Amino acid sequence: MKKKFYLLLLLIATVFTATAQEQKKEEVCYNPNLVKDTSKKSIKSMAVAVTHGDSIKISYHSPGVRKRIIWGGLVPYDEVWVTGAHDATTLEIGKAFVVGGKEIPAGKYAIFTIPGKSEWTVIINKHWKQHLATEYDEKEDEVRIKVKPKKNTHIERLQYFIEENKSGKITITVAWEKLKISFDSLVRL
């Protein structure tokens, strides 16, 4: 009887431990630069905004600079980059939106970039469920736009920002190290 009781306790403890570990894996950080940075791992992060009664969500993994050379080093110039770490960065929006003059249907998309020294290409791609850019296919691009990187104060961890102005335009910004890029989209009502 005691043996069965201890086995039952062990089974319950295992289930609770596994559930707690799964819950911890799913934790999301909304401002990775406010977290005490003791991890060498990229932090699972998210930027969220509500506009016109609907949400816009960007999910990504936030790598740290950690005294590394980022631009032209860790992130090569002129190559498609997941603009984060691990899985493709995703943009999810419940209404059609416009980027670079092209209307894009509501849904979930990947955000990729091609960093350059003086100009970047921002890519919204249909194939959002992929690891890094290993399955990236230009044929799946919804839109590509050119943007100029700007100098920024040092930001240790890559971070996305979503801001709405009074006219209803949404600006999406990604900042890391001492650079930032931004692009506008207009959410359809």
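Residues numbered from 1 in each chain as written. Predicted model: local features only at pLDDT ≥ 70, side-chain atom pairs only at ≥ 80, totals over all residues. Heavy atoms only, no water.

## Thoughts on the environment of G53
Note the following rule: Put simply, DSSP marks the helices as runs of H or I at least four residues long and the strands as runs of E at least two long, and each gets a number from the N terminus on.
On the secondary structure map, G53 appears in the loop between strand 1 (43-51) and strand 2 (54-62). Along the sequence, G53 and G94 sit 41 residues apart, while their C-alpha atoms lie 9.5 Å from each other.

## Focus: the pairing of strand 6 (residues 107-114)
Note the threshold: Relative accessibility thresholds used throughout: buried, under 20% of the residue-type maximum; exposed, over 50%; partly exposed, between the two (1.4 Å probe, protein chains only). Two strands pair if DSSP finds at least two bridges between them.
Counting buried residues in strand 6 gives six out of eight residues, a clear majority hidden from the surface. Pairing of strand 3 (residues 89-93) with strand 6, which is carried by five bridges, proceeds in the antiparallel orientation. Looking at the pairing, I93 lines up with G107 of strand 6. Relative to strand 7 (residues 120-125), strand 6 runs antiparallel, the two being bridged by five bridges. Each bridged residue has a counterpart across the sheet, and for T113 the counterpart in strand 7 is V122. Hairpin geometry of strand 6 and strand 7 is characterised by an intervening segment of five residues between the two adjacent antiparallel strands.

## Points about the nonpolar core
Note the following rule: Among buried residues, the Ala, Val, Leu, Ile, Met, Phe, Trp, Tyr and Cys ones that are joined through side-chain atoms within 4.5 Å form a nonpolar core. Contacts are assigned to residue pairs with any non-hydrogen atoms lying within 4.5 Å of each other.
Among the nonpolar cores identified, the biggest contains 40 residues, and I58, W81, L91, I124, Y160, W176 and F183 are the most heavily contacted of them. Element by element, the count of residues in this core is highest for strand 10 (residues 169-187), at seven residues. With residues near it in sequence (within four places) discarded, Y160 still touches A47, I58, Y60, T83, T89, I111, I172, T173 and V174.

## Section: the side chain of D141
Counted only if it meets this: Polar contacts, as counted here, are pairs of nitrogen or oxygen atoms within 3.5 Å of one another; within protein the pair requires one atom able to donate a hydrogen and one able to accept it, and residues that are adjacent in sequence qualify only if both atoms are side-chain atoms.
As for its placement among the helices and strands, D141 is situated in strand 8 (residues 141-147). D141 sits in the buried class, given a relative accessible area of 16%. Engagement of the side chain of D141 in a polar contact is seen with the side chain of N125, the distance being 2.7 Å. Within the structure, the side chain of D141 is placed 2.8 Å from the side chain of R144, a separation counted as a polar contact. Each residue touching D141, except ones within four places of it in the same chain, is listed here: I123, I124, N125 and Y136.

## Some details on empty space enclosed by the protein
The probe, sized like a water molecule, is rolled over the atoms to show the empty space still left. Spelled out, the test is: Cavities and pockets are defined on a 1 Å grid built over the protein atoms alone: a cavity is a set of grid points where a 1.4 Å probe fits but cannot escape, while a pocket is an open set with protein on both sides within 12 Å along at least five of seven lines, and lining residues are those with an atom within 4 Å of any such point. Grid points are joined across faces, edges and corners, and a volume is the space filled by probe spheres set on the points. Asp, Glu, Lys and Arg are counted as charged, while Ala, Val, Leu, Ile, Met, Phe, Trp, Tyr, Cys and Pro are counted as nonpolar; the rest, among them Gly, fall into the polar class.
Under the definition given, this model contains three cavities of 30 Å³ or more. Put simply, the largest cavity is a space of about 50 Å³. Tallied by class, the residues present in the lining of the largest cavity amount to nine nonpolar, one polar and one charged.

## Considering the pattern of salt bridges
Selection criterion: Salt bridges are identified by distance alone: a Lys or Arg side-chain nitrogen within 4 Å of an Asp or Glu carboxyl oxygen.
Considering all chains together, one arrives at five salt bridges under this definition. For K148, the salt bridge identified is with E119, shortest N-O distance 3.9 Å. Separated by 29 residues along the polypeptide, K148 in the loop between strand 8 and strand 9 (150-164) and E119 in the loop between strand 6 and strand 7 bring together distant segments of the chain. With relative accessibility at 52%, the residue K148 sits in the exposed group. Classification of E119 by relative accessible area gives partly exposed; the value is 34%.

## Some words on the pairing of strand 2
Alignment of strand 1 against strand 2, held across nine bridges, turns out to be antiparallel. The residue of strand 2 that forms the bridge with T51 is D54. Counting the residues in the hairpin turn of strand 1 and strand 2 gives two residues, including H52, whose phi is positive at 50 degrees. As paired elements, strand 2 and strand 3 share four bridges and run antiparallel to each other. In the sheet register, I56 faces strand 3, and the bridge partner there is I93.

## Observations regarding the sheet that holds strand 5 (residues 102-104)
As a reminder, the rule being used: Fitted lines through C-alpha atoms serve as axes, helices being fitted only where they are in contact, and the angles separating the N-to-C directions of these axes extend from 0 to 180 degrees.
Read from one edge of the open sheet, four strands run 5-4-10-9, paired in antiparallel fashion. Across the chains shown, the open sheet's two edge strands, defined by having one partner strand only, are strand 5 and strand 9. Ignoring which end each strand starts from, the neighbouring axes of this sheet average 35 degrees apart. Both strand 4 (residues 97-99) and strand 5 contribute to a ladder of three bridges, which runs antiparallel. Across the sheet, residue F97 finds its bridge partner in strand 5, namely I104.

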